[in-house]
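Listed below are the residues making up each chain.
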Amino acid sequence: MKSLLLLSVLLIVFAVPTAGVWALGRWAKVPVWMRVVFLVAGWLAVVVGRVLAQRAHGALFPETSPCHRTGIPVSRYFPPDSFCLHEDGESRTVDGPAGKVVFWTAFGTAVAVSGAALVRRRSWRWTRYGRTRPPAKSL
């Protein structure tokens, strides 16, 4: 029963958005390589952002938290970062620069590919129909 629940959660959280983005890109005539790069970069940004935002919190064992006995864990979801808020009011980040570089690279790639797909689609319409509207479909 637990495996069925886990499978349905994975389907709802991962497969449905991926299939929706894939179908939308196919409908918009975005090349396959752009869709693949966008999906991989997008999911990588989501996963790494989630890890960066939750790093200060002890998930299962509070003793493993970097903020244990030193401060209160605080999260910021965009841009993703975790802090330890100390009693003197100072907040110190617990995320290193490598995770942030991976997040911003994946996020920038997803944004750049979606922008390139938009430019490609518009240039494709302009070369096919000129700068005027496409011909109306007759019923």
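The preceding data block contains the structure.
These figures come from a predicted structure and were not determined experimentally.

Okay, the sheet that holds strand β1 (residues 72–77) next. Backbone-to-backbone hydrogen bonds join strands into a sheet, with any given pair of strands oriented parallel or antiparallel. As summarised here, the arrangement of the three strands in space is β1-β2-β3, forming an open sheet in which the pairing is antiparallel. If you trace the sheet from one side to the other, it starts and ends with β1 and β3 (91–93), each paired once. On average, each strand axis in the sheet is inclined to that of its neighbour by 30°, with strand direction left out of account.

Between helix α1 (residues 2–27) and helix α2 (residues 32–54), the least distance of the axes is 10 Å, while the angle of their chain directions is 150°. The angle between α1 and α2 falls in the class roughly antiparallel. Once α1 is placed against α2, the crossing between them reads as right-handed. Residue-level inspection shows V13, F14, P17, T18, V21, W22, G25 and R26 of α1 in contact with α2, the latter providing V32, R35, V36, F38, L39 and W43. Residues of the contact of α1 with α2, tallied by class, amount to 10 nonpolar, two polar and two charged.

Taken as a whole and judged by the stated rule, the model has one salt bridge. Among the salt bridges present, the one from K100 reaches D81, with a minimum N-O distance of 3.3 Å. Placement of K100 in helix α3 (residues 97–129) and of D81 in strand β2 (residues 80–85) is noted, with a sequence separation of 19 residues between them. Classification of D81 as buried rests on a relative accessible area of 4%.

Taking 1.5 Å per residue, 23 residues should reach 33 Å; α2 reaches 33 Å between its end C-alpha atoms and fits that length. Buried within α2 are the following residues: M34, R35, L39, A41, A45, V48, G49, L52 and A53.

Once that is clear, we can look at α1. Given a rise of 1.5 Å per residue, 26 residues ought to cover 38 Å, and the 36 Å separating the end C-alpha atoms of α1 matches this to within 8%. At L11, α1 is deflected by roughly 35°, the largest bend along its length. Just downstream of α1 lies K29, where phi reads positive at about 60°.

Now for the pairing of β2. For β2, the tally of buried residues reaches five of six residues, placing the bulk of the element in the interior. Relative to β2, β1 is paired through six bridges, and the arrangement is antiparallel. The partner of V74 across the bridge, within β2, is F83. Taking the residues between adjacent antiparallel strands as the criterion, β1 and β2 are bridged by two residues. Here three bridges tie β2 to β3, and the two strands are oriented antiparallel to one another. Residue pairing across strands places C84 opposite R92, the latter belonging to β3. In this antiparallel pair of consecutive strands, β2 and β3, the connection spans five residues, and G89 shows a positive phi of 95°.

Reading the values: rules and limits
- Residues numbered from 1 in each chain as written.
- Predicted model: local features only at pLDDT ≥ 70, side-chain atom pairs only at ≥ 80, totals over all residues.
- Heavy atoms only, no water.
- Pairing = 2+ DSSP bridges.
- Helix = DSSP H or I, 4+ residues; strand = E, 2+ residues; numbered from the N terminus.
- Axes fitted to C-alpha atoms, helices over the stretch in contact; angles between N-to-C directions.
- Parallel < 35°, antiparallel > 145°, perpendicular 65-115°, else oblique.
- Left-handed = near helix turned anticlockwise from the far one by under 90°.
- Contact = heavy atoms within 4.5 Å.
- Nonpolar A, V, L, I, M, F, W, Y, C, P; charged D, E, K, R; others polar.
- Salt bridge = Lys/Arg side-chain N within 4 Å of Asp/Glu carboxyl O.
- Buried < 20%, exposed > 50% of the residue type's maximum accessible area, 1.4 Å probe, protein only.
- Expected span 1.5 Å × (residues − 1).
- Bend = angle between axes of the 7 residues up to and from the residue.

Worth remembering: the numbers are spatial, not functional.
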